[in-house]
Amino acid sequence: MKNIQRRFEQLKQQGEKGLVAFVTAGDPDFDASRALIEKMIDAGVDVLELGVPFSDPTADGPTIQKASQRALKSGMTLKKVIELTTVLREKTDIPIILFSYYNPLLAYGLTNFYDDAVKAGADGVLLVDLPIEESDELTSKWPGDGLALIRLIAPTTPTERIEKIAASASGFLYLVSKTGVTGSDGLDTSEIKMNVERAKNITDIPVCVGFGISTPEDVKTVAASADGVVIGSAFERVIEENIGSQGLNDLIFDFTKSLKDATK
Amino acid sequence: MTQTIKIDTGPDANGHFGEFGGRYAAETLMPALLELEEAYYRITAEQKFQKEFSELLDKYTGRPTPLYYAKRLSEDIGGAKIYLKREDLAHTGAHKINNTIGQALLANWMGKKKIIAETGAGQHGVATATVAALFGMECKIFMGKEDVGRQAANVHRMELLNAEVIPVTSGTATLKDAMNEAMRYWVGAVLDTYYVIGSVAGPHPYPVMVRDFQRIIGDEAKQQIMEQVGRLPDKLVACVGGGSNAMGLFYPFLNDDIEMVGVEAAGEGIDTGRHAVTLGEGSVGVLHGSKSYVLQDADGQITEAHSVSAGLDYPGVGPEHSLLKEMERVVYKSIDDSEALKAFKALCTFEGIIPALESSHALAQTFKEAAAMDKNKIIVVNLSGRGDKDLGIVRSLGNDYF
Ligand SMILES: Cc1ncc(COP(=O)(O)O)c(C=O)c1O
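What comes next concerns the included structure. What you see is a predicted model; the values in this text were computed from it and never measured.

Criteria and cut-off values
- Residues numbered from 1 in each chain as written.
- Chains lettered and ligands numbered in written order.
- Predicted model: local features only at pLDDT ≥ 70, side-chain atom pairs only at ≥ 80, totals over all residues.
- Heavy atoms only, no water.
- Core = buried A, V, L, I, M, F, W, Y, C linked by side-chain atoms within 4.5 Å.
- Buried < 20%, exposed > 50% of the residue type's maximum accessible area, 1.4 Å probe, protein only.
- Contact = heavy atoms within 4.5 Å.
- Pairing = 2+ DSSP bridges.
- Helix = DSSP H or I, 4+ residues; strand = E, 2+ residues; numbered from the N terminus.
- Axes fitted to C-alpha atoms, helices over the stretch in contact; angles between N-to-C directions.
- Buried area = accessible area lost by both parts, 1.4 Å probe.
- Salt bridge = Lys/Arg side-chain N within 4 Å of Asp/Glu carboxyl O.
- Polar contact = N/O pair within 3.5 Å; in protein donor to acceptor, adjacent residues only side chain to side chain.
- Nonpolar A, V, L, I, M, F, W, Y, C, P; charged D, E, K, R; others polar.

Looking at soluble globular proteins, one finds that nonpolar side chains tend to be buried together. Core analysis: the largest hydrophobic core is formed by 85 residues, its most contacted members being Y174 of chain A together with Y194 of chain B. Every residue in contact with Y194 of chain B, bar those within four places of it in the chain, is listed here: L36, Q103, L106, A107, M110, K112, K114, I115, I116, W186, Y206 and M209 of chain B. One finds A21, I94, Y114 and I132 of chain A within the second-largest nonpolar core, a separate group that totals 69 residues.

This part takes up the sheet that holds strand β8 (residues 193-195) of chain B. Backbone-to-backbone hydrogen bonds join strands into a sheet, with any given pair of strands oriented parallel or antiparallel. Residue and element names in this part refer to chain B. With respect to topology, 4 strands assemble into an open sheet ordered β7-β6-β5-β8, the strand pairing being parallel. Strands with a single pairing partner mark the edges of an open sheet, and in this sheet they are β7 (164-168) and β8. Geometrically, the sheet is characterised by an average inter-axis angle of 25° between neighbouring strands, direction not taken into account. Across 5 bridges, the pairing between strand β6 (residues 138-144) and β7 is parallel. Within β7, the position partnered with F142 by the bridge is I166. The sheet contacts of helix α8 (residues 175-189) involve β5 (114-119), β6, β7 and β8, and relative to β5 the element is tilted by about 160°.

Turning our eyes to something else, we now look at the interface of chain B and chain A. Where interface size is given, it is often the accessible area lost as the parts come together that is meant. Contacts between the two partners involve 34 residues from chain B, matched on the other side by 35 residues from chain A. A combined buried area of about 2700 Å² lies between chain B and chain A, and 53% of that area is made up of carbon and sulfur atoms. Ranking the residues of chain B by area buried against chain A places E27, R184 and Q301 of chain B at the top, with a combined share of 25%. Counting the contacts that link chain B with chain A gives 3 salt bridges. Measuring nitrogen to oxygen at the nearest pair gives 2.8 Å for the salt bridge that ties E27 of chain B to R161 of chain A. For the pair chain B and chain A, the interface holds 18 residue pairs in polar contact (both at pLDDT 80 or more). Among the elements that take part in the side of chain B that touches chain A, α8 of chain B stands out by supplying 8 residues, more than any other. Looking at the side of chain B that touches chain A, its residues break down into 14 nonpolar, 12 polar and 8 charged.

Shown next as structure tokens:
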């Protein structure tokens, strides 16, 4: 958990914003995914969100749905996502966050999950379908504070509710950029700015914005107010369009670098 | 089973039925769910709402539906007397209309002009499209592409009612994926759109709300059986997909000394793995916003359900049923495709009633229960819908089953 905080403090000192990269773990398969992610890390990703594929991703648009399907088809499971974390941890010290729906964790066992994720070197977990009302069940099964539970707020979240959510937030606060699923288009940058400011008036922890951000220009605009920018579907689109092609790893490297440069 | 304790299933303030239920939803939807919960309790407490609801149920859907003693059938089986709660005679041909009237009326009171719904067999879609027309609302129905094919007549009905039917191709292209897609759409349209969930599933407050709108089935049945025979029945039977027609029948009887049997779809047989026996064969998980039994693999991925009946072809089940199972207040059994089809034919033959394939599962179990009971015993079975929508499937399967 400290690792996330440290990273954002470092970025602040360097006068940069964070590039948070979401990738569906195991898309298109374990080894290819690992190679892609290592390229992204080399290109300057500040925080990695490893997506745990789920059969019924109700908060995701078509791009991440398809990525999850490919990963599941290749045999990806939460257990293997944790293995991938171990492998990546040998190579990098950037914060790694496991991004999942709740059911795979329930099936894994909540305490087992904590132990294995911490041992693998994960710093946090973000659960799309676990609002504050339901999360005690999870955190009460955690024997320590080795994992940050990253909380989400949306444009629809009223201010009093943001206060409640922020009170139990750790790591960073994930602001959903728009009222919609991942990858949907139409970015309203003035609304984002307003929502970032609303959150920052309430909390001191970093605020990162995600959903539908796809170009270096988007990153630049959003990073003007936010502490970090989350890119997900845009990476998955590059992967989807270039699966099996020799140039994919370089494409991902260049794309990641262009996004990272926009945070400086 | 003799009952000694008072049954209180809840839910609590956060929508939990024991350890089940709750709200496992994206943050974007949480304010809408909280608003809906508040509006639901406030508005339905108003007499004016209850009066409008009950007038629509009576004058528009034709309630009360009859409780009918199936004499020839009962005599042929030679056991308990079988009474059919005739939800098939409600407008649009199934119990689903009770819930859509309630929810559309609520949406109307809340000032929402657009509604969406998921549908499996198409009965809930038709019932939603119907109330959308009735209230002059814009309506979109999400339906798995598989089901669009096997329930073509209902697709046509929805279109006649001016609803837009959106075929869903993701995942397994059945009810569960239709619900995924409806939720995704709702995440983007939550500010002006009301989502009419069709069963006692989904995040709080849907399970309690749908139960309360459906309890009219059990309330009527209780009064009718008292009028007709002067005593309560010995057993209740209903099919369980998401579980709304079963909750509707069972709920008003939970504190009575009566056995209750919920019937899940065993599809091609439990051994084949191609079934929809969620309570019987599944395990506890989270799907579509609530914690309940689900069909899943060891890694927590939801697995496909199978049933000849599209309305039972669902790998989840309402959370209150999970609690009733754990309390052992309701016994859950299963009936496979072939048993259901035989019961379908039997009701046609002995009573001149063509039942829905969903309801045929309840009938098949009723026949088994009745055969093992005395002639002076009484079973009430929920005939949740009529079979017109299933004629295509039954015909395509040929006569081998009968
Ligand atoms: C006639 C009929 N019965 C039963 C069901 C199953 O739903 P539930 O279990 O919610 O009653 C359906 C669902 O489409 C239906 O159409």
